[in-house]
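Remarks on the overall topology
Below, each chain spelled out in residue letters.
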There are 2 protein chains.
Amino acid sequence: MKPSTSIQDYLKRIYELTENGSPASTNDLARELNIKPASVTGMIQKLANEKPALLEYQKHQGVTLTSAGKKAALEVIRHHRLLETWLVQTLGYSWDEVHEEAERLEHVISEDFERRIAAALGHPLRDPHGELIPTADLKMPLDDSTPLSALRKNQTGKILCIKGADADLLRHLDELGLTPNAMIEVTDYSPFDHNLTIKVEKKTHVLGLSVTSKIFIEQK
Amino acid sequence: MKPSTSIQDYLKRIYELTENGSPASTNDLARELNIKPASVTGMIQKLANEKPALLEYQKHQGVTLTSAGKKAALEVIRHHRLLETWLVQTLGYSWDEVHEEAERLEHVISEDFERRIAAALGHPLRDPHGELIPTADLKMPLDDSTPLSALRKNQTGKILCIKGADADLLRHLDELGLTPNAMIEVTDYSPFDHNLTIKVEKKTHVLGLSVTSKIFIEQK
DNA sequence: AAAATAATTTAGGCAAGGCTAAATTTTACA
DNA sequence: TGTAAAATTTAGCCTTGCCTAAATTATTTT
Ligand SMILES: [Mn+2]
Ligand SMILES: [Mn+2]
Ligand SMILES: [Mn+2]
Ligand SMILES: [Mn+2]
């Protein structure tokens, strides 16, 4: 059976929160889902006890996805990212507007719809923010990007992805020309505050860590 | 507040069932919604008692939409028909495939999405089946069509709409060339069984009442 | 005009997925 | 190392929207 919309959202958030390798905590999940921690506990207990369990769970230790859970999560993420790409390309959404729309559509489109937009888009590898799109057989491609925050003076690269930015930051980055595919060069680094001075399209900007850690680069 | 998906489906069905002027019965509604009559009674009582009531209801007498209910119904119907049009035009769905997809999407698209597809399609008047699309200000345009079943020998017209046909019939009509915009001519009428003989694209077909009553014509 | 049948409503229940308040565990830190 | 704070879980409750079985009302048939 296809998981409910609620469950799909849980799985997607857990996928994201566990990408760093460590389990997702009840509180983090509650924050990301805008649901009270007590309710999250109830749901993760349920998901961990399903016939093919979707989660690995030990009290007070957080959760990780089983392979069944990961597959279900990648299904939703593929829908989300294909939808974002498609909304931008065919309906003129800007990249800071698409998220919410995709957040609702992702749960209701058919597999046929998924195939049609994937084909219409030429089976894209990344969504408008540069995030990798899981393949049709639900594998997440390897991510070979480096956070901009790891670059130093005179290093250059192409922006691959903006991760975890809210709509305000996305609009700001758009104004600065810091969008996927932009070529950038680091011209200075301040070890005290981790500020990076970068050049993009002939213009120079100084970016703090809270920004540079959200921009991902393909190094030259 | 936006009505729930369930409520939207109730309102849409009630709109359709009351187009003939008479109230929708509990049983008819239950059949259309695939929900047990007892559950329908519960829901219509609830909807009739909301602050601005969505339904007019008297025990054992069926329901009609209030103006608030009609507005909410037209909102869903507009979504549905725009979506069908758009899925056919941009993703290559055939007209017999789109219904189910639109049935789910109609509840989750934003008003912004609605405006974007309406604009992208050039504010169409009819969906792929020829059904009238409610306007952006939620009025249903006047329907000036006549059922094919009302035509007689030597009368001609253009097909405007196929109403209430299931996917199988839609595919069949498609094969016969009986799609919106096709020009047809009635060459014979049998008063005994109400069969009509019609000519479309040089071919002749004999259609029973259960078919001719679902095809609507703009008379010449 | 009964009696039978059909339609509708009532009553009681259930599952999903939330919430609050209270209890418990873990972690932090003085 | 003991305690305070933070995180998590438990317990009990609520709403939505569905169900079945039984009761009631309306409609047909005889
Ligand atoms: Mn979502
Ligand atoms: Mn899919
Ligand atoms: Mn629907
Ligand atoms: Mn709308």
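Refer to the preceding data block for the structure.
The sections below set out a description of the structure shown in this document. (Residues numbered from 1 in each chain as written. Chains lettered and ligands numbered in written order. Predicted model: local features only at pLDDT ≥ 70, side-chain atom pairs only at ≥ 80, totals over all residues. Heavy atoms only, no water.)

1. Comments concerning the side chain of E106(B)
Looking at the element boundaries, E106(B) is found in the loop between α5 (98-105) and α6 (111-120). Excluding its chain neighbours within four sequence positions, the residues that come into contact with E106(B) are Q8(B), D9(B), K12(B), V76(B), H79(B), H80(B) and L83(B). (Helix = DSSP H or I, 4+ residues; strand = E, 2+ residues; numbered from the N terminus. Contact = heavy atoms within 4.5 Å.)

2. Here's the deal with the packing of aromatic side chains
Tallied over the entire structure, the rule returns 3 aromatic pairs over all chains. An angle of 85° between the planes, with centres 5.5 Å apart, marks the rings of W86(A) and F113(A) as edge-to-face. In this pair, W86(A) is assigned in helix α4 (residues 67-91) and F113(A) in helix α6 (residues 111-120), connecting sequence segments 27 residues apart. The exposure classification of W86(A) matches that of F113(A), with both residues buried. Connected via pairs of aromatic rings, a cluster forms that spans W86(A), F113(A), W86(B) and F113(B). Its end group placed over the ring of Y93(B), R116(A) keeps NZ or CZ at 4.0 Å from the ring centre. The ring of F216(A) has K163(A) lying over it, and the distance from NZ or CZ to the ring centre is 4.5 Å. (Phe/Tyr/Trp six-rings, centres within 6.5 Å; stacked < 30°, edge-to-face > 60°. Buried < 20%, exposed > 50% of the residue type's maximum accessible area, 1.4 Å probe, protein only. Lys NZ or Arg CZ within 6 Å of the ring centre and 35° of its normal.)

3. Looking at the coordination of the manganese ion (ligand 2)
Residue and element names in this part refer to chain A. For the manganese ion (ligand 2), the full set of protein donor atoms is E75 (OE), H79 (NE2), E111 (OE), E111 (OE) and E114 (OE), and the range of their distances to it is 1.6 to 2.5 Å. Binding-site remark: the manganese ion (ligand 2) is held by donors from one chain whose sequence spacing is E-x3-H-x31-E-x2-E. Here H79, found in helix α4, pairs with E114, found in helix α6; they are 35 residues apart in sequence, far enough to count as distant. (Donors = N, O, S within 2.8 Å, 3.2 Å for Na, K, Ca; no water.)

4. A closer look at the sheet that holds strand β5 (residues 183-189) of chain A
The pairing of strands in a sheet happens through backbone hydrogen bonds and is either parallel or antiparallel. Taken together, 6 strands build an open sheet; the order of strands is β3-β8-β4-β5-β6-β7 (chain A) and the sheet is antiparallel. Each edge of the open sheet is held by one strand with a lone partner, namely β3 (146-147) and β7 (203-207) of chain A. (Pairing = 2+ DSSP bridges.)

5. Points about unusual backbone geometry
Residues and elements named next belong to chain B. Even without being glycine, H123 reaches a positive phi, approximately 50°. Look at H123 and you get exposed, because its relative accessible area is 55%. In the Ramachandran plot, E201 falls in the positive-phi region, its phi being about 50° despite a non-glycine side chain. Note on placement: E201 falls in the loop between β6 (196-200) and β7 (203-207).

6. Focus: the protein's contact with DNA strand C
Close contacts around DNA strand C come from 20 residues, with S4(A), S6(A), K46(A), Q45(B) and Y57(B) the closest. Sugar plus phosphate: this is where 83% of the atoms of DNA strand C within 4 Å of the protein reside. At a separation of 2.3 Å, a phosphate oxygen of DNA strand C approaches a polar side-chain atom of Y57(B). Here K59(B) contributes a side-chain N or O atom positioned 2.8 Å from a phosphate oxygen of DNA strand C. Contributions of two or more residues to the surface near DNA strand C are made by α1 (5-17) and α3 (37-48) of chain A together with α2 (26-33) and α3 (37-48) of chain B. Looking at the surface near DNA strand C residue by residue, the classes come out as 7 nonpolar, 10 polar and 3 charged. (Near = heavy atom within 4 Å. Polar contact = N/O pair within 3.5 Å; in protein donor to acceptor, adjacent residues only side chain to side chain. Nonpolar A, V, L, I, M, F, W, Y, C, P; charged D, E, K, R; others polar.)

7. Some thoughts on the side chain of R116(B)
The residue R116(B) is located in helix α6 in this model. Residue classification places R116(B) among the buried residues on the basis of a relative accessible area of 18%. R116(B) has contacts with L91(A), G92(A), Y93(A) and E97(A), leaving out every residue within four places of it along the chain.

8. Here's the deal with the coordination of the manganese ion (ligand 1)
Residues and elements named next belong to chain A. For the manganese ion (ligand 1), every protein donor is listed as D9 (OD), E103 (O), E106 (OE) and H107 (NE2), and the spread of their distances is 2.2 to 2.5 Å. For the manganese ion (ligand 1), all donor residues lie on one chain, and their spacing in sequence is D-x93-E-x2-E-H. For the residue pair E103 and H107, the accessibility class agrees, reading buried in each case.

9. Observations regarding the protein's contact with DNA strand D
Lining the immediate environment of DNA strand D, one finds 20 residues, of which Q45(A), Y57(A), K59(A), S4(B) and K46(B) sit closest. Expressed as a percentage, the sugar and phosphate content of the atoms of DNA strand D within 4 Å of the protein is 82%. Take Q45(A): an N or O atom from its side chain is 2.5 Å from a phosphate oxygen of DNA strand D. The set of elements that each furnish at least two residues to the surface near DNA strand D consists of α2 (26-33) and α3 of chain A together with α1 (5-17) and α3 of chain B.

10. Quick look at the interface of chain B and chain A
Between chain B and chain A, the residue contacts involve 18 residues of the former and 18 residues of the latter. For the pair chain B and chain A, the two sides together bury roughly 1,500 Å², of which 60% comes from carbon and sulfur. Sorting the residues of chain B by area buried against chain A places L91(B), V108(B) and R116(B) first, and these three jointly supply 39% of that buried surface. At the boundary of chain B and chain A, one finds 2 salt bridges. In this structure, the salt-bridge partner of R116(A) is E97(B), at a minimum N-O distance of 3.1 Å. At the boundary of chain B with chain A, the tally comes to 10 residue pairs in polar contact (both at pLDDT 80 or more). Contributions of two or more residues to the side of chain B that touches chain A are made by α4 (67-91), α5 and α6 of chain B. (Buried area = accessible area lost by both parts, 1.4 Å probe. Salt bridge = Lys/Arg side-chain N within 4 Å of Asp/Glu carboxyl O.)

11. Quick word on the pattern of salt bridges
When the charged atoms of two side chains lie near each other, side chains of opposite charge can form a pair. Residues and elements named next belong to chain A. According to the stated counting rule, one finds 32 salt bridges over all chains in the structure shown. For K12, the salt bridge is made with E103, and the minimal N-O distance between the two is 2.6 Å. Taken together, the residues K12 in helix α1 and E103 in helix α5 (residues 98-105) connect sequence positions 91 residues apart. Comparing K12 with E103, the two get one shared label, buried. Notably, a salt bridge pairs K12 with E106, separated by 2.7 Å at the nearest N-O pair. Of this pair, K12 sits in helix α1 while E106 sits in the loop between α5 and α6, and the two are 94 residues apart along the sequence. When its relative accessible area of 0% is taken as the criterion, E106 is described as buried. In this structure, a network of salt bridges that share partners links the residues K12, R13, E16, E103 and E106.

Honestly, it's all geometry; don't read function into it.
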